[in-house]
Amino acid sequence: MKTFLDLNLSEIGVGTYLGELDERTSEGYRQVIKEAITSHHINVVDTAIVYRYMKSERDIGTVLKELGREKFIISTKGGYVPYDIDSGEDPKDYFYENFINTGIINPQEMTPQGHYLSAKFIDWCLSKSLENMQTSYVDVYFLHNPEEQLNFFDRDSFNKKLLECFEYLEAKAEEGKVRYYGLATWSGFRVSPASRQYLDLYELVKMAQKVGGEAHHFRFIQLPYNLGMTEAYLLKNQEVNGKKLSTIEACAELGLYVYTSASIYQAKVIGRVPQALREKLKVNSDVHASLQFVLSTPGVGTALIGMSKVEHLRENVEIMRVARLSPEEFKSSLFKA
């Protein structure tokens, strides 16, 4: 377990992104989450309102009700316009009824991919997520890929929207509906400062301090990190107090906890890890090599792995029996100058 502020978080977390919309997949996720908490001391579960058109959140809700909400650290996300598959409505009718006719969304401020950022919209998403998961609070609420806005809108407009959302989430933290909040990103923290989608961690923390003071609740980020996507650790794209740092290093400086997504590169590592690298990582399989790499990286908090099958859970948790590389071993054996 990793201790961070008042939370104890497992080093592996269950991701719920992929999968069909059928009952078999839902039952798979429910079984994985149950076994994760009862047999493997895994308490982190990550989702988003758009995952499987709200089915993933509802599957989590079923397990929370059965096993007890207090046993889990739950994170969800809002940012993409959602559809409720169980509503039975035509998606276009659902969109107009819930978002356009109510004035929650101004179509001119939505990206072509259906991304939207405003306090009013995030309020709708959070409320629906709480309802879906049958809980009164989430431990971590992520704004979902906010950097997508920067492909279509100027940075000043983006910062204004982000500040509005931070202000809203600070208020929800005071109410107890959100314990902490953060950004779940795909590219924003993995690109150079010259990139249009670049996100500056130091500036984000200053924004949170502006609305929440030193005791602000912006404490988490999520980003892809694995053997094939190493920018979070290697790319020195952040600056904190005059020091050039990687995103993971900057998080340590700024008091932020790191969730890694795509921790096994959505299984693309299988069959691609050289034997010599597996030996350096002290494991025998490609999946365990990727997990050992991620979990041994100094500054990584919890590695999220999408798991809807119990056999995958059992394979993945075997890494918990393997000793992590020390920071010195990690740096010297994997990243020789």
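Placed above this text is the structure.
Notes on the structure in this doc start here. (Residues numbered from 1 in each chain as written. Predicted model: local features only at pLDDT ≥ 70, side-chain atom pairs only at ≥ 80, totals over all residues. Heavy atoms only, no water.)

A few points about the overall build of the protein chain
Scanning the protein chain for helices and strands turns up twelve helices and twelve strands. Expected size for 337 residues packed as a compact globule is a radius of gyration near 20 Å; at 20 Å, the protein chain falls within 12% of this value. With the principal axes as the frame, the protein chain shows a C-alpha extent of 60 × 50 × 35 Å. Out of the 337 residues belonging to the protein chain, those deemed buried represent 57%. In the protein chain, the share of contacts with a sequence separation of at least 24, taken over all contacts with a separation of at least 6, comes to 76%. Here the protein chain displays about 14500 Å² of accessible surface, and carbon together with sulfur accounts for 49% of that area. (Helix = DSSP H or I, 4+ residues; strand = E, 2+ residues; numbered from the N terminus. Rg over C-alpha atoms; globule rule 2.2 N^0.38 Å. Buried < 20%, exposed > 50% of the residue type's maximum accessible area, 1.4 Å probe, protein only. Contact = heavy atoms within 4.5 Å. Areas by Shrake-Rupley, 256 points an atom, 1.4 Å probe, with all protein chains shown as cover.)

Some details on the pairing of strand E7 (residues 178-184)
The buried fraction of E7 amounts to six of the seven residues, a majority that puts the element mostly inside the structure. Here strand E6 (residues 138-144) runs beside E7; their pairing, made up of six bridges, is parallel. Within E7, the residue paired with Tyr141 across the bridge is Tyr181. The handedness of the E6 to E7 crossover, carried by helix H5 (residues 155-175), is right-handed. Pairing between E7 and strand E8 (residues 218-224): four bridges, direction parallel. Residue Leu183 lies in a different strand from E8, and its bridge partner there is Ile221. Crossover E7 to E8 through helix H6 (residues 201-212) is right-handed. (Pairing = 2+ DSSP bridges. Right-handed = clockwise from strand over helix to strand, strands pointing away.)

Focus on the pattern of salt bridges
For the structure shown, the criterion picks out 25 salt bridges. For the salt bridge of Arg324 with Glu11, the shortest nitrogen-to-oxygen distance reads 2.8 Å. Placement of Arg324 in the loop between helix H11 (310-317) and helix H12 (327-334) and of Glu11 in the loop between strand E2 (7-9) and strand E3 (12-15) is noted, with a sequence separation of 313 residues between them. We note a salt bridge from Glu253 to Lys243, for which the minimum N-O separation is 3.1 Å. Of the two residues, Glu253 sits in helix H8 (residues 247-254) while Lys243 sits in strand E10 (residues 243-245), which places them ten residues apart along the sequence. Connected through shared salt-bridge partners, Lys55, Arg58, Asp84, Asp86, Lys128 and Glu131 make up one network. (Salt bridge = Lys/Arg side-chain N within 4 Å of Asp/Glu carboxyl O.)

Focus: the sheet that holds strand E4 (residues 44-46)
A barrel is described by the order of its strands in space; here eight strands give the closed sequence E3-E4-E5-E6-E7-E8-E11-E12, paired in parallel fashion. This sheet shows a mean twist of 25° between the axes of neighbouring strands, independent of strand direction. Its contacts with the sheet place helix H4 (residues 119-133) against strand E5 (73-78), E6 and E7, and it is angled at close to 140° to E6. (Axes fitted to C-alpha atoms, helices over the stretch in contact; angles between N-to-C directions.)

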